[in-house]
Amino acid sequence: MTITTTPIDNGVDVDALLGARAAFAETPEIAQFQWRSSVTWENGTHSRSEVESFYGFADEQAHHQSFTLDADHPLQFASQDKGPTPVEYILVGLGGCLTAGVAAVAQQRQIQLHSVKATLSADMDLHGILGADPEVRNGFSGVKVDYQIEADASEDDIRALVAQSQKRSAVFDIVTNPTDVTVTVV
Amino acid sequence: MPSVTAVVVGAGHCGLAMSRHLTARSVDHVVLERGEVASSWRTQRWDSLRLLTPNWMTRLPGRDYRGDDPDGYLSASEVADLVTEYAAASAAPVVTGTTVTALRPGGEGFHVDTDRGRWNTRTVIVAAGTTRGNVPAVARRIPALVSIPALQYRNPDQLPAGGVLVVGASASGVQIADELQRSGRPVTLAAGEHVRVPRTYRGRDILWWLDATGILDERWDEVDDLVRARHLPSLQLVGASHTLDLNALQDSGVRLVGRFAGLREGVAQFSGSLANVCALADLKLGRLLDTIDDHAGGRGERLEPTLVRKPPLELSLSSGEIRSVVWATGFRPDFSWVDVPVFDHRGRLLHDGGVTRWPGLYVLGLPMLRRRRSTYIDGARDDAADLAAHVTDALKEAS
C-alpha cells in the first residue's frame, strides 16, 4: 500500500508571515503600520471612501489599485441605498478579519480547509442613535458570528481554529475593546 | 574591595540551589540577599497563600520531601522556613541585609555594587525572584478607591466592606477573588486569557500528571513557540484539594466580566472577549486531558464548559458599588539594577536558557527558563545544575 500525502494548501503563505515575525524581532520599528482611508460626502447620507495607501515596513506602501467604497442608508430610512450602511462595513471587517485568520491558523496547524462560511449579525436599538433614550448606547448591543467549516479536522480542532482566529484578530480586538479616537477639524 | 569567582543575587530557593551546585563544583562564591533568606516568601505573600504544587514536588538539590503529607501544599511561611533550613543545611555563603544597587561590567568580569560596598567577580547569577507587580498605568487613575496590587494584598480585612473588583483570573486572581467573596465582599472578577485546570484528574493531582507525562520536562529550546510558553499565565489553581475555576467562583456568587480594557470618566470598561477566552481555556484544557489520557489509556471525567452569562461591559467605579480594586495582573522580575547590555528594545532581558549574551552573566528562576518545570520551585534543581555546569566550563575556558 502506498500512502500519498497531499500538501496542505489553504492559499496562505505562512512562511512569509512567520518570516515577517522573525524580521520584526530584529528590527521592531518596521512593525509599525498605519492604515488609512479618505471619505467624501456625496449627497444625503451617501458618502464615498477611498482606500489606497498605507504605511509599513518603514516605508510608504500602496495597494495595487485604489478601492472605492460607497456607504449609505437603505430606502427604509428615506435614503438612496447607494451602498451598505457604515455599521454593515463593521460586520464586513469583522467577518473578513476572522475568516482570514481561520485560513492562516489552519495553514499553520496543517489543517486542510474545504469551505468556510460565516453569517454575522449585530443587534442594535435605534433609540440610541436617534437620541430617544439616553440609557441606550449608539452601537451594537451584541454581535453574533456563526461559522460553518468543512475541514480535515476534528470538531474540537475546528473550534480551536475559530478561537485562535479571534485571539489574533485586529478587528475582533477593535470591536471588543475601547480605542482612543481623535476627531479634529482642520 | 572583596573578590569572589561568582556572585549569586538572591537567597531564595533558586539562588540557594545555585549556591549548592557551585559549592559542589568548588566555585568560591557569595549569595547576596537584600533581606533575610527567603525574603519575598515572608514579605510579599498573602496570609492564606499555599503553594500550587504538592509537597512531594518541593524538592531542592540534595533535599527531597521528607514529611508525612506528600500530597499537601506548603503555606508561604512553611516555604520560608524550608528555604531557611536549606540555607543552613547547605552552609550557603549568604550575606544578608545587602541590597545590590548596580551590576556593571568591570575588573575581571563585573562590579557588583551594594548598599554595603562593592564586590568584584567573574560570574554573576541573577536569582532575584519575581518581585514586581505588572500593574497597568490606569491603576493610578482609579478615583478615590482602595487600589492595591496582589503583592500588597494580605487578607480581606485590609479592604473596606463592599464590592471589590479583582482584575486577573490566574492563580492569584482566583484565590483572592474567592477569599474576598467568602469574606462577604461581593466580587467582580475581570478575566482575560487564563489556563484552566482541575486540581485533580483521575484521582491524581494535576501536577502529578504534568510530571508523569513529561510535560514539565519539555525544554525551552524544543517548544514550538517559546515566547508564548514563557508568557503563559499561571495555572488557575489553589493550594488545596478543590478545583477553583471560573465555574466554581460563579457558584460562590462571583460576577464574571471580560478583561479589564480601560477606564473612562470613572467607568471601568471590560472587553467583549470573555466568551472567547473561556472557549480558548476550555479547548486547551481538553487537549491537555487528551494528552494525559493518551499517556494513561482510558478516559477521565471532564469538567463542564465554563459558563459565560451575558457579562456587563462597564462598571462605574464611583457609584459606591465598588469600594476597592485588587490588581492580580501578573508579576515580573526587577532588573532595573542590571547595567549590562542584555536587554531588547522593550527592556526585556534576553537569555538562552538562562545564559545571557554577556559572558559570565546568568539568570535563574524565570518561567520556562530551561524547561516547563522552571516555573515551579521544583525546577530550580535541574536549572541550577545546568547553569553551574555552564559556569564552570566557561571559567575553565577563560583560565
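Computed from a predicted structure; not experimentally measured. (Residues numbered from 1 in each chain as written. Chains lettered and ligands numbered in written order. Predicted model: local features only at pLDDT ≥ 70, side-chain atom pairs only at ≥ 80, totals over all residues.)

Q: In this structure, what is going on with the overall build of chain B? I would like to understand it.
A: Looking only at helices and strands, chain B has nine helices and 21 strands in total. A compact globule built from 399 residues should have a C-alpha radius of gyration of about 21 Å, and chain B, at 22 Å, falls within 12% of that. Counting all 399 residues of chain B, 47% fall into the buried class. Counting contacts in chain B only where the partners sit at least 6 residues apart, residues at least 24 apart contribute 69% of the total. (Helix = DSSP H or I, 4+ residues; strand = E, 2+ residues; numbered from the N terminus. Rg over C-alpha atoms; globule rule 2.2 N^0.38 Å. Buried ≥ 20, exposed ≤ 12 C-beta atoms within 10 Å, placed from the backbone. Contact = placed C-beta atoms within 7 Å.)

Q: I keep staring at the domain arrangement of chain B and nothing clicks. Help me out?
A: One frequently used descriptor of interface size is the decrease in accessible area upon assembly of the parts. All names here are of chain B. Domain parsing of chain B yields domain 1 (3-131 + 333-398) and domain 2 (134-327). On the domain 2 side, the residues contacting the 20 residues of domain 1 number 21 residues. Of the residues belonging to the side of domain 1 that touches domain 2, the class tally is nine nonpolar, four polar and seven charged. (Domains from an automatic or database assignment. Nonpolar A, V, L, I, M, F, W, Y, C, P; charged D, E, K, R; others polar.)

Q: Help me understand the sheet that holds strand β9 (residues 163-167) of chain B, please; the structure alone is not making it clear to me.
A: Each strand in a sheet pairs with its neighbour through backbone hydrogen bonds, running either in the same direction (parallel) or in the opposite one (antiparallel). Residue and element names in this part refer to chain B. If you trace the five strands from one edge of the open sheet to the other, you get β8-β19-β9-β10-β15, paired in parallel fashion. With partners counted over all chains shown, the strands left at the sheet margins are β8 (146-149) and β15 (255-258), one partner each. Across the sheet, the mean angle from the axis of one strand to that of its neighbour is 20 degrees, orientation sign disregarded. Two strands pair when backbone bridges link them, and strand β10 (residues 187-191) and β15 are joined in this way by four bridges, in the parallel orientation. Following the sheet pairing, A191 is matched in β15 by G258. (Pairing = 2+ DSSP bridges. Axes fitted to C-alpha atoms, helices over the stretch in contact; angles between N-to-C directions.)

Q: Sorry if this is basic, but what is going on with the interface of chain B and chain A here?
A: Listed per partner, the contact involves 13 residues of chain B and 11 residues of chain A. Where the side of chain B that touches chain A is concerned, the elements lending two or more residues are β16 (260-264) and α8 (274-296) of chain B. A per-element tally of the side of chain B that touches chain A places α8(B) first, with five residues. Residue composition of the side of chain B that touches chain A, grouped by class: four nonpolar, eight polar and one charged.

Q: I tried to follow the domain arrangement of chain A on my own but got confused; where do I start?
A: All names here are of chain A. For chain A, the domain assignment lists domain 1 (13-74) and domain 2 (85-178). In this structure, domain 1 and domain 2 have C-alpha centres spaced 20 Å apart. Listed per partner, the contact involves four residues of domain 1 and six residues of domain 2. Partitioning the side of domain 1 that touches domain 2 into residue classes produces three nonpolar, one polar and no charged.

Q: Quick question: what am I supposed to make of the nonpolar core here?
A: Side chains that are nonpolar tend, in soluble globular proteins, to be buried together. Residues and elements named next belong to chain B. In this structure, M18, V83, I125, V126, V166, L189 and L364 are the most contacted members of the largest nonpolar core, which totals 130 residues. Considering every element that reaches this core, the biggest residue donor is α8, with 11 residues. Residues within four places of V126 in sequence aside, it is in contact with V9, V338, Y362, V363 and L364. (Core = buried A, V, L, I, M, F, W, Y, C linked by C-beta atoms within 7 Å.)

Q: It is not clear to me how helix α3 (residues 155-167) of chain A should be interpreted in this structure. Could you clarify?
A: Side chains of residues three or four places apart in an α-helix project in the same direction, reflecting 3.6 residues per turn. A rise of 1.5 Å per residue sets the reference length of α3(A), with its 13 residues, at 18 Å; its end C-alpha atoms lie 18 Å apart and thus fit the reference within 8%. Residues of α3(A) that are buried make contact with α2 (86-108), β6 (142-151) and α4 (170-176) of chain A together with α8 of chain B. (Expected span 1.5 Å × (residues − 1).)

Q: How do you make sense of the environment of A:D13 when you look at a structure like this?
A: One can find A:D13 in the segment before α1 (14-26). Considered as a pair, A:D13 and A:H64 are 51 residues apart in the sequence and their alpha carbons are 19 Å apart.

Q: Can you help me understand the pairing of strand β5 (residues 113-123) of chain A in this one?
A: Where a strand is regular, its side chains alternate between the two sheet faces. Residue and element names in this part refer to chain A. The element β5 is barely covered by neighbouring structure, given that only one of its 11 residues are classed as buried. Where β5 lies against β6, 10 bridges are found, and the strand directions are antiparallel. The residue of β6 that forms the bridge with K117 is Q148.

Q: Teacher, can you tell me more about the environment of A:A170 here?
A: Residues and elements named next belong to chain A. Position of A170 among the secondary structure elements: in helix α4. By C-beta crowding, A170 is classed as partly exposed, having 13 other C-beta atoms within 10 Å. In this structure the C-alpha to C-alpha distance between A170 and A106, which are 64 residues apart in sequence, comes to 18 Å.

Q: How do you make sense of unusual backbone geometry when you look at a structure like this?
A: Even without being a glycine, A:F57 presents a positive backbone phi close to 50 degrees. Along the chain, A:F57 turns up in the loop between β3 (46-56) and β4 (59-71). With a phi close to 60 degrees, B:A38 is a non-glycine residue in the positive phi region. Looking at where B:A38 falls in the secondary structure, it is placed in the loop between β2 (29-32) and α2 (39-43).

Q: Honestly, helix α4 (residues 171-182) of chain B in this entry has me stumped. Any pointers?
A: Residues and elements named next belong to chain B. The end-to-end C-alpha separation of α4 is 17 Å, in line with the 16 Å expected for 12 residues at 1.5 Å each. Within α4, 11 of the 12 residues are buried, leaving the element largely enclosed by the surrounding structure. Within the span of α4, buried status applies to A171, S172, G173, V174, Q175, I176, A177, D178, E179, L180 and Q181. The inward-facing, buried residues of α4 contact β9, β10, β14 (235-236), α7 (246-251) and β19 (322-327). The first or second residue beyond α4 is G184, which carries a positive phi of 95 degrees.

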